[in-house]
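# Structural features, examined
Read off the chains here:
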Amino acid sequence: MKKLYSILILSLSCLLAVSLSFSAFAAQPRLSDKAGLLSYTEQQNLESKLDELSEELGVDIAVVTVDDMSDEGFYDIMEFADYYAESNLSENSVVLAISMADRDYCISTQGICIDYITDAGISRLEDGFLPFLSGGEYYYAFEEFADDSAELIKSGQNGDVYDEWIYDDDNAYDDYAEDEGFKPLTAAVISIVIGLIAGAIVVSVLKGQLKSVSKENYASNYAVSNSLNLLSQNDTFLYSSVAAVPRPKDTDNSTRSSGGGHMGGSSTHVSPGGVTHGGRGGKF
């Protein structure tokens, strides 16, 4: 009986261990701080924020840090970030990966986050967290990354993707986002106003340089006395020349060019695992 009881206890223990291992695999933490950049309290607070934002938006927002990515078997920060996303996060995710050895960072997006976090969006993320990251304020850097990523994703889900408009004619770039946008119509109005102001100043200066003269009733009064003696006058017709140039007609084969542009979108690449990702990396 004791033997049967022991076997039963052992079986239950094994089932519990397997269950816990599956649960751990299914709910991977969205924060992995192997580099030890955060205190225990900061880890708890940041992990709670990442979980709350991710569950609210239905995507994974994650942060991973390591001392040296070569210890993880990688020598390219992009491959490391992509692998972490593919192995630990859902198919719709964005992750910030940090390797402290050479101060490398990388943002990797996959799934719908590629569309929501464009190249312009990544620039916006970098503007937010990089100053903190470079200054060693790691908690604030990661918190800024989480909040800004959530804002971009939420905006995209509402149909207002943060992007930039690229003009094909002159390669000018303008932010397209509603809150920070600089639209072509605005630029045209500002240009016209500046032109009118500049023209008014020039005309005013030239007008001030003119000397007033009194009005004369007859044109002869403007001539210098005895400076012209006209003895005779006649008109002689010499020749005329007329050239007829036909106006060109539009044909079906004629092409017309018109100005235009397109949205910047996201630059993508395919990882060694065969998954398409957006994002980029750099140094901090």
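Residues numbered from 1 in each chain as written. Predicted model: local features only at pLDDT ≥ 70, side-chain atom pairs only at ≥ 80, totals over all residues. Heavy atoms only, no water.

For the rest of this paragraph, the subject is the nonpolar core. Core analysis: the largest hydrophobic core is formed by 37 residues, its most contacted members being Ile61, Phe129, Leu133, Phe142, Phe145 and Ile153. Those elements that place two or more of their residues in this core are helix H2 (40–57), strand E2 (60–66), strand E3 (93–99), strand E4 (104–110), helix H4 (113–116), helix H5 (119–134) and helix H6 (138–157). Element by element, the count of residues in this core is highest for H6, at nine residues. Setting aside residues no more than four positions away along its own chain, Phe142 makes contact with Leu37, Leu38, Leu46, Val63, Thr65, Leu96, Ile98 and Leu133. Counting 15 residues, the second largest nonpolar core, distinct from the first, contains Val66, Phe74, Ala81 and Tyr84. (Core = buried A, V, L, I, M, F, W, Y, C linked by side-chain atoms within 4.5 Å. Buried < 20%, exposed > 50% of the residue type's maximum accessible area, 1.4 Å probe, protein only. Helix = DSSP H or I, 4+ residues; strand = E, 2+ residues; numbered from the N terminus. Contact = heavy atoms within 4.5 Å.)

Let us look at the sheet that holds E3. Spatially, six strands are ordered E1-E2-E3-E4-E9-E8 in an open sheet, and the strand pairing comes out mixed. Across the chains shown, the open sheet's two edge strands, defined by having one partner strand only, are strand E1 (31–33) and strand E8 (268–270). Sheet twist, expressed as the mean angle between neighbouring strand axes with direction ignored, is 25 degrees. Note that E4 and strand E9 (residues 276–283) share seven bridges and pair antiparallel. Each residue of the ladder has a partner; that of Gln110, found in E9, is His277. Relative to the sheet, H2 contacts E1 and E2, its axis offset from that of E2 by approximately 150 degrees. Of the strands in this sheet, E3, E4 and E9 are in contact with H5, which crosses E4 at around 145 degrees. (Pairing = 2+ DSSP bridges. Axes fitted to C-alpha atoms, helices over the stretch in contact; angles between N-to-C directions.)

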